Structures are given as C-alpha cells and as structure tokens.
Amino acid sequence: MSPTPRPQNGLHFLVVGSSISALAAAYCLGKSGHHISIIDPMNGRGDTHPYIRLAPNAVRLLSRWGLAAKLKEFAITPQQHTFRQYGDGSLLGRTELGRSIEEAYGATYYYITHENLYGILRDLASPYVSSWHSSPIVSIDVHLPCVILSGGQSLAADAIIAADGLDSVTRGRISLGREQLWQSPTTRLRGVVPNDAKNDDYLGLGRILGQRGMSTWLGPQVQVSVCALPSGNDVELVAPRTSLGRSSQKMKLPSGSEPQLQKLLNMTVWSSSSPQPDVISLESWVHPDGKVALLGESAHPMLSHCCQNTAMNLEDAAVLGNLFSRAQTSSQIPFLLHAFQSIRIPRVTEVQTSNPELGMSLTTAENNRVFRYDADVAVEGWWLKRHGLKARRDIPVEDHTSQHMAHL
C-alpha cells in the first residue's frame, strides 16, 4: 500500500491537556508545519503549582524558542543556594548560581510563577492552535484515532498526544503496557511566607528571607526549600507521609528542626498538600497501534522537589517536534512516535532515578549530563546511532517505518 499523502497544511494532532507540556508540544509540532487542536479535559484546572524551577537545560530550550526576553522580564534568578542541617542549622555548603551557572552551562537557573510560564507558552503556541476544546473526555478510539467529548462531539486526527499531567485521564483509558510502580514514602507541602516576614530579625530569619537566593534544610527523610520572590517566599516541605496529614489545615509538621527553621514553618501559609507520585515510569508511552502517545508527566511522573520536572516536559516537546519536522505521510507516525519513546525513556529514567537533590547542588557528574542535554543533538545522535547516517535529513522515513519499528 502506498503511503497516505501528507495534507498540504501538515498532519493533524489532537493534544490532550493544557499543561506546560501540552502547550510546548503544540508549539513544537505546530512550528513543524502541523495542524493542532487542544482538548483540555480539566478546563484549565490541571496544574496548581504556584512556582516552577527552571534548570539550565529548560532555560536553554525556552531561549531557543525566542523567549529569553520574556524570561528575564518575569523570572527571578537566584544568586546562591545554601544548604543547612535540619536539626541544628549548621552550614553544609553553598553553591553560587546566577552568572556562575550561566558560564558553566550556557544558561542560567530561573524561578518563575506557573501563571507566568503558562501565559508565555500559551502566547507562543496560540498561533499554531486552530481550536481549543474545554470538555471532559468520554472515550478514546486508539485505532482511528479519535476522541469523544462529554457533549457527544467526535474529534478525529492523525495522532493523539496525551499531555494531561500527573492525573492523566488519557493514560487511564488506554493500555500502554506494564507500569513500573514505586511507592514514594513522602508528601510535599507548598506554601508562602508573607513578605513582611523579611523585616523580622529574630534569629536572623529576616536576613535569610531577604536574600535573593535559595535555602534548603536537609534532615533524615525531611527537606525544606525556600526561595525569596517579590511576591513572597515560596516554601516547599517534603516529609514522610505518616508525619503529615492529607489536609494542610490538619498537618503535623516534623519536629526536631532548629528554632530558626521552626519559626519559618510556623509563619508559612500552607496552600497545598499532595503525595509524591507513586508511578515512576511506564513500560511504554506509545499505544501498540502507534497513533496515541503520552508526553510529559502523563508519561513520567517525577519527584516534585526535583528541579527537572518542567525541563523533562519541555525536552519531550522539543524531541517530538524535531522528529515530526520531516514527517510527510500519516504512515510515518508510528515510526516517529516509537522513535520519540526510544530517545526519551532512557533520558527520563536517568533523571527520575537520580538523587532527589539533582539539580540543586550543581556539583556532580550527573548534573553535568543533565544540564548539558540538548534535545536536537539527542535526535541527531539517535539517527546516527540507529541508521549510520550523517544527518536526519538523509533518510526517507516512509521506507523505514515497518522495517525498523521492532528495533527502536
């Protein structure tokens, strides 16, 4: 059978979700010449994280997408990261950020509100999105493929990209192979210390909250991170599930902290409490029919206090867009989706299984591998390794779809 001709305006993708990863995927696929429709089953309620850490590998990608000026306008650049003992407050170490990180990795380390990053990416993706649908999904036909919305509307496309986050409704409606389960013993709390606390010099608390940087207290199974922001001081507490209640109003804070930290925790206005994800990875991100794929946290939930959450989502989108930049027929979709999976699963697995402090101390060989990763280079390297060709552009993808699928 001859390949199905590519439509003049590109292939049609349904992107499920309006998360950071969904918007990034919509942009990358749209820029590659494809037709994008977004379905948001959560009607904008999917992400609730108030602040996002952007590691250098994430900042490098966003800058490549033309967003460097926007990041400088809306993001904060921490100048240093200080590490202390949870119990007595003794100094464990200090890492210089800002210019030092930029010189080492070619991009800086940012802290940005979720609202601002979401808005920036929505503006970036919008010119490539032909339609938005805010509706729950009733069913998914993975063979056509198509999605049935709660109002009865049926939306068909050449492929479906599910980027609807940690609690993905799409993942639960399709079988993608065996899940590799990992029960996290911890819960994450997020909150804010009001700005007026910077004026409190009791035990030096004001000096810590007033600095333009990050502070982390480390103890047995406990981690508290604080970052000073113009709107307040973002506080993240990671502790054993058994020591914290499910509700931020009923929680019991871990004991044994130094007086300075205990005062900070008591002043924090806690806004959310959530368990760390239990599913650390999936055996496959692509349905066997090759027309539906998971992307972002729907494919790879990560420890929330690892700064690579957003970076992994953006890298997913960049790799997907790169691969589909040369797609010419719908028959190439299974091959390219499996190529996406083949490139991204090893990368994400390495980051998921690394030390939770990865990306915070910025001194290990692991951090060098993580921060220097380049999605476009990874795709080119994959083509070279798998096909022995000098460049991706040299391969007529349609001639290799079925032949090499089993070897991805």
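The notes below deal with the structure included here. (Residues numbered from 1 in each chain as written. Predicted model: local features only at pLDDT ≥ 70, side-chain atom pairs only at ≥ 80, totals over all residues. Heavy atoms only, no water.)

1. Looking at unusual backbone geometry
No. 1: Cis geometry is found at the peptide bond from Leu144 to Pro145, where omega equals -5°.
No. 2: Looking at where Pro145 falls in the secondary structure, it is placed in the loop between β8 (137-141) and β9 (146-149). (Helix = DSSP H or I, 4+ residues; strand = E, 2+ residues; numbered from the N terminus.)

2. Section: the nonpolar core
No. 1: Counting residues in hydrophobic clusters, the biggest one holds 83 residues, and the most contacted among them are Leu54, Trp65, Leu121 and Phe324.
No. 2: Excluding anything up to four places from it in sequence, Trp65 contacts Ala24, Tyr27, Cys28, Leu121, Leu124, Leu314 and Ala318. (Core = buried A, V, L, I, M, F, W, Y, C linked by side-chain atoms within 4.5 Å. Buried < 20%, exposed > 50% of the residue type's maximum accessible area, 1.4 Å probe, protein only. Contact = heavy atoms within 4.5 Å.)

3. A word on the pattern of salt bridges
No. 1: The full count for this structure, using the stated rule, is six salt bridges.
No. 2: Salt-bridge contacts for Arg347 lead to Glu315; the nearest nitrogen and oxygen are separated by 2.8 Å. In this pair, Arg347 is assigned in helix α9 (residues 333-352) and Glu315 in helix α8 (residues 309-323), connecting sequence segments 32 residues apart. Taken as a pair, Arg347 and Glu315 share a single burial class, namely buried.
No. 3: Across the pair Arg344 and Asp316 runs a salt bridge, and its minimum N-O distance is 2.6 Å. Of this pair, Arg344 sits in helix α9 while Asp316 sits in helix α8, and the two are 28 residues apart along the sequence. Here Arg344 and Asp316 have matching classes, each one buried. (Salt bridge = Lys/Arg side-chain N within 4 Å of Asp/Glu carboxyl O.)

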